[in-house]
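Per-entry structural report
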Amino acid sequence: MKVIDGKQVAQEVLAECALEIGTLKTQGIIPGLAVVLVGEDPASQVYVGSKVKKCGELGLHSLKIELPSETTQEELLKVVKELNEDAAIHGILVQSPPPPHIDEAAIVRAIDPGKDVDGFHPENVAKLALEDPTGFVPCTPAGCMRLLQAAGVETSGAEAVVLGRSMIVGKPMGLLLMGRESNATVTIAHSRTKDLAGVCRRADIVIAAIGKPEFVTADYVKEGAVVIDVGINRIKDDSRKSGYRLVGDVAYDEIKDQCAAITPVPGGVGPMTIAMLIKNTIKAARQQSV
Ligand code: GUN
C-alpha cells in the first residue's frame, strides 16, 4: 500500500507556481486573490486563513474580506462587484457555504467569470464540460487529478466511482475523470444510490466526497483499488487540546491494507486544493494581462 503524500505533491505544484510568479513579476504583474468569508464558521476561518497565508508566502497580493453573518445579499453583491472592478485583483473566491439567507448561486453568477478561480460560475462549468482550456477548473477536483497523476495511477479505461454529487467536488470530478485527458469510465454515486457499497466495490479508483466521517469502510473497496479521500470532518476527541480531530470520508485504518494507494487526512487532498487555487490565480492574472 502506498500513501499518496499530498503535502509533497502540493510543494511541487507550488514550486511551478513560484517560477510563473517570477516570470509575471518581470512583466510588472503581481497576481492578486481576494477571499471573502461571510460569517464565523471556524472551519471556514481556518481554510480562508490558509489560503491567504499561502499567497503571502509566494509573494502574491491577497485581500481577506471577513463579513459578519448578518451581511445581506445586496451587501455581498456590492463587495463582489467592487472586486470585479479592482484591477489589482485577478481571482475572487467566496468561501462556501455562506449563511443560509445568502443565495449562493446568485453570488457565484455575479463574479466575473474571468476572475472565478473556484470555477463555480456557469460559464466555467460549461467550459469544463466542453473541455475548453481557457476555463477555471474547481480546485479540489483538479488537485485530486494531479494526485492520481503524481501517484502514477492509470486512469485510462479504469472504473472510477465518485461518491458525492456536489458542485464543488463530485460533478466536476466526474467530468475530469471522463475527459479526454483521463478517459476513465465514471459512475457518480450518492446517498440515494442503490447498493452503494456494491457500486463502489466495482471501482479501480474511488473518490470519496460524501461529507460523512469514515463512511467508506472495507466492504466499499475492492482489493488493489486507489482511494482518494476528499473529506475533512471534525469529530469530537477529548484527548486533543482542541477537543476534536480531523478524519476523512474514509475509514483509513480499516481499508488501508486493501488499497494499492490511498490519501491520508490531513495531508492528502487538503494541501492540493490550496496549491491549485494559487495556480488558478496565476492563470487568471496571465489571461487578464493579455
Ligand atoms: N468550501 C469548501 N471547498 C471550497 C472551495 O474550493 N472553494 C470555496 N469557495 N469554498 C469551499
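Our structure is the block above this text.
Residues numbered from 1 in each chain as written. Predicted model: local features only at pLDDT ≥ 70, side-chain atom pairs only at ≥ 80, totals over all residues. Heavy atoms only, no water.

1. Regarding the overall build of the protein
- A count of helices and strands for the protein gives 10 helices and 11 strands.
- At 19 Å, the protein has a C-alpha radius of gyration in line with the 19 Å of a compact globule built from 290 residues.
- Its C-alpha atoms give the protein principal-axis dimensions of roughly 50 × 40 × 35 Å.
- Split into buried and exposed, the 290 residues of the protein put 51% on the buried side.
- Considering only contacts within the protein whose residues lie at least 6 apart along the sequence, 71% involve residues at least 24 apart.
- Counting only carbon and sulfur atoms, one obtains 54% of the accessible surface of the protein, whose full area is about 13,400 Å².
- Within the protein, the 37 negative side-chain charges are centred at a point lying 1 Å from the centre of the 31 positive side-chain charges. (Helix = DSSP H or I, 4+ residues; strand = E, 2+ residues; numbered from the N terminus. Rg over C-alpha atoms; globule rule 2.2 N^0.38 Å. Buried < 20%, exposed > 50% of the residue type's maximum accessible area, 1.4 Å probe, protein only. Contact = heavy atoms within 4.5 Å. Areas by Shrake-Rupley, 256 points an atom, 1.4 Å probe, with all protein chains shown as cover. Lys, Arg positive; Asp, Glu negative; His and termini not counted. Charge placed at Lys NZ, Arg CZ, Asp CG, Glu CD.)

2. Notes on the nonpolar core
- Counting residues in hydrophobic clusters, the biggest one holds 53 residues, and the most contacted among them are Leu148, Leu177, Ile205, Ile207, Val226, Ile228 and Ile278.
- For this core, the element with the most residues is helix H10 (residues 269-288), which contributes nine residues.
- Contact partners of Ile278, with chain neighbours within four places excluded, come to Leu14, Cys17, Lys54, Cys55, Leu58 and Leu60.
- Grouped together as the second largest cluster of nonpolar side chains are 20 residues, Ala189, Cys200, Ile210 and Val221 included. (Core = buried A, V, L, I, M, F, W, Y, C linked by side-chain atoms within 4.5 Å.)

3. What about the pattern of salt bridges?
- In total, this model carries 14 salt bridges according to the counting rule given.
- Between Glu20 and Lys279 there is a salt bridge, and its shortest N-O distance comes to 3.9 Å. Linking Glu20 in helix H1 (residues 6-26) with Lys279 in helix H10, this pair joins segments that are 259 residues apart in sequence.
- Its relative accessible area of 24% is what places Lys279 among the partly exposed residues.
- Here Glu123 makes a salt bridge to Lys127, at a shortest N to O gap of 3.9 Å. Here Lys127 and Glu123 lie together in helix H5 (residues 122-130), a separation of four residues that amounts to about one turn. (Salt bridge = Lys/Arg side-chain N within 4 Å of Asp/Glu carboxyl O.)

4. A word on the packing of aromatic side chains
- Per the stated rule, a full pass over the model turns up one aromatic pair.
- Seen in terms of ring centroids, Phe215 and Tyr220 are 5.5 Å apart; in terms of plane orientation they differ by 65°. Their pairing is edge-to-face.
- In this structure Tyr220 comes out as buried when scored by relative accessible area, which is 12%.
- The ring of Phe136 carries the charged tip of Lys283 above its face, separated from the ring centre by 5.6 Å. (Phe/Tyr/Trp six-rings, centres within 6.5 Å; stacked < 30°, edge-to-face > 60°. Lys NZ or Arg CZ within 6 Å of the ring centre and 35° of its normal.)

5. A short note on the packing of helix H6 (residues 139-150) against H10
- Viewed as axis vectors pointing N to C, H6 and H10 meet at an angle of 110°, and their least axial separation amounts to 8 Å. Classified by the angle between their axes, H6 and H10 sit roughly perpendicular to one another. Regarding H6 and H10, the two cross each other, and that crossing is right-handed. Of H10, the residues touching H6 (which contributes Cys139, Thr140, Ala142, Gly143, Cys144, Arg146 and Leu147) are Val269, Met272, Thr273, Met276, Leu277 and Asn280.
- Residues of the contact of H6 with H10, tallied by class, amount to eight nonpolar, four polar and one charged. (Axes fitted to C-alpha atoms, helices over the stretch in contact; angles between N-to-C directions. Parallel < 35°, antiparallel > 145°, perpendicular 65-115°, else oblique. Left-handed = near helix turned anticlockwise from the far one by under 90°. Nonpolar A, V, L, I, M, F, W, Y, C, P; charged D, E, K, R; others polar.)

6. A few points about the packing of H1 against H6
- Orientation of H1 relative to H6, taken along the N-to-C sense of each, is 105°, at an axis distance of 10 Å. Put simply, H1 runs roughly perpendicular to H6. Of the residues in H6, those touching H1 at Gly6, Val9, Val13 and Glu16 are Arg146, Leu147 and Ala150.
- Residue composition of the contact of H1 with H6, grouped by class: four nonpolar, one polar and two charged.

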